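# Summary of the model geometry
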Amino acid sequence: MTDARHSRWITAALLAPAGVIFVFLLILPLVVVLVYSFGIRGPAGGYEAAFTFDNYVNLPARGKAFFNTLTLAPLGTLLTAIVAFPVAYFLAIKTDPKWRVTLLVLIMAPFWTSQLLRYYAWIMLLGSKGIPSWLAYIGITDVRLINTPTAVLIGAVYGFLPLMVPPIYVSLEKLDKRLLEASADLGATPVRTFFQVTLPLALPGVATGSMLVFILLMGDYILPQYLGGGKVFFIGNALVDLFLQSRNWPYGAAVSVALVLIMFLTITLYMRLVLARTDKRRAALV
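Scoring rules and cut-offs
- Residues numbered from 1 in each chain as written.
- Predicted model: local features only at pLDDT ≥ 70, side-chain atom pairs only at ≥ 80, totals over all residues.
- Heavy atoms only, no water.
- Phe/Tyr/Trp six-rings, centres within 6.5 Å; stacked < 30°, edge-to-face > 60°.
- Helix = DSSP H or I, 4+ residues; strand = E, 2+ residues; numbered from the N terminus.
- Buried < 20%, exposed > 50% of the residue type's maximum accessible area, 1.4 Å probe, protein only.
- Salt bridge = Lys/Arg side-chain N within 4 Å of Asp/Glu carboxyl O.
- Core = buried A, V, L, I, M, F, W, Y, C linked by side-chain atoms within 4.5 Å.
- Contact = heavy atoms within 4.5 Å.
- Axes fitted to C-alpha atoms, helices over the stretch in contact; angles between N-to-C directions.
- Parallel < 35°, antiparallel > 145°, perpendicular 65-115°, else oblique.
- Left-handed = near helix turned anticlockwise from the far one by under 90°.

Moving on: the packing of aromatic side chains. Taken as a whole and judged by the stated rule, the model has 9 aromatic pairs. Their ring planes at 85° and their centres at 5.4 Å tell us that Phe38 and Phe53 sit as a pair that is edge-to-face. Of this pair, Phe38 sits in the loop between helix H1 (2-36) and helix H2 (54-57) while Phe53 sits in the loop between H1 and H2, and the two are 15 residues apart along the sequence. Judged by relative accessible area, which is 17%, Phe38 ranks as buried. On the numbers, 5.6 Å between centres and 65° between planes, the contact of Trp122 with Tyr158 is edge-to-face.

What follows is the structure in structure tokens.
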């Protein structure tokens, strides 16, 4: 009994620093935001103590920002996963091991430059003197890409691809290639092998990468601001407007709380679904 109690004290002492950091850097700021969300805007802006649900009742006023975010963020995550999977598969299965690290470094290379600089490059590519002008040479005219949802999705795939590839690569690198050979020996086509063997075993990596990309996209401000030109409004843009422009901190806090709740519910359901499917597939393979 004494040894068990001693072990618990050691465990508690080891976890204490991380626990304190977690409370002060995550829990307390969320509590502050939650308290602010029930207040009212002061005469000169900012926060004034009160207890009202008006800020939550008025959330539909930012419905466009919620709609754009809840539509384009999942779609951008899906497109990023679709592009990242064959890249990760090629690196993990087809590439010579001596080149894998080099290619992974090249995939991560865009993160070595400023995100703002990369989006400015895409502004030039998607602007009237970029891809639309090139398409005009072959007879495709009146193409508009910049300041559209399409531009935001292109930027999402490009900007967050380096976050999606490594988790999928790690899952595929652990894949037992004998399973692929066994599937082929049993008469399965490559497509069937992919959907029944490769993809299920790679789902943990897909889930991890998707979660990282989805969380960042949901709160992104720079991407819709520059590639969307302010016409594709995300919740991040709404928060900047509420806190810095109109200085309506309580309403901005309510929007923030709503965003956190939406993300928490979405990620929880997604991870449960993915993990359940992964467990079933693994049991079937065993």
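Turning next to the pattern of salt bridges. The tally for this structure, following the rule as stated, stands at 1 salt bridge. Close ionic contact of Arg62 with Asp241 constitutes a salt bridge, the shortest N to O distance being 3.0 Å. On the criterion of sequence distance, the pair formed by Arg62 in the loop between H2 and helix H3 (63-94) and Asp241 in helix H11 (residues 235-245) is long-range, its members being 179 residues apart. Note on Asp241: relative accessible area 24%, which makes it partly exposed.

Here the focus is the nonpolar core. Among the nonpolar cores identified, the biggest contains 55 residues, and Val165, Ile168, Leu223 and Val255 are the most heavily contacted of them. When residues no more than four places from it in sequence are discounted, the contact partners of Val165 are Ala84, Val87, Ala88, Leu91, Leu104 and Ile107.

Right, let's talk about the packing of H3 against helix H7 (residues 149-173) for a bit. With their axes 6 Å apart at the nearest point, H3 and H7 run at an angle of 40° to one another. Classified by the interaxial angle, the pair formed by H3 and H7 is oblique. Seen along the crossing, H3 lies across H7 with a hand that is right-handed.

Further remarks concern unusual backbone geometry. The backbone of Asn147 shows a phi angle near 65°, a positive value even though the residue is not glycine. Mapped onto the secondary structure, Asn147 falls in the loop between helix H6 (131-137) and H7. Of the residues examined, Asn147 reaches a relative accessible area of 23% and is grouped as partly exposed. At Arg247, a position not held by glycine, the phi torsion is positive, near 55°. Note on placement: Arg247 falls in the loop between H11 and helix H12 (249-285). Relative accessible area serves as the criterion here: at 33%, Arg247 is assigned to the partly exposed category.

With that settled, the discussion passes to the environment of Ala151. Looking at where Ala151 falls in the secondary structure, it is placed in helix H7. Judged by its relative accessible area of 1%, Ala151 is buried. With residues up to four places along the chain from it excluded, the contact list for Ala151 reads Leu126, Leu145, Ile146 and Leu227.

So, to be careful, I would describe these as geometric facts and stop short of saying anything about function.
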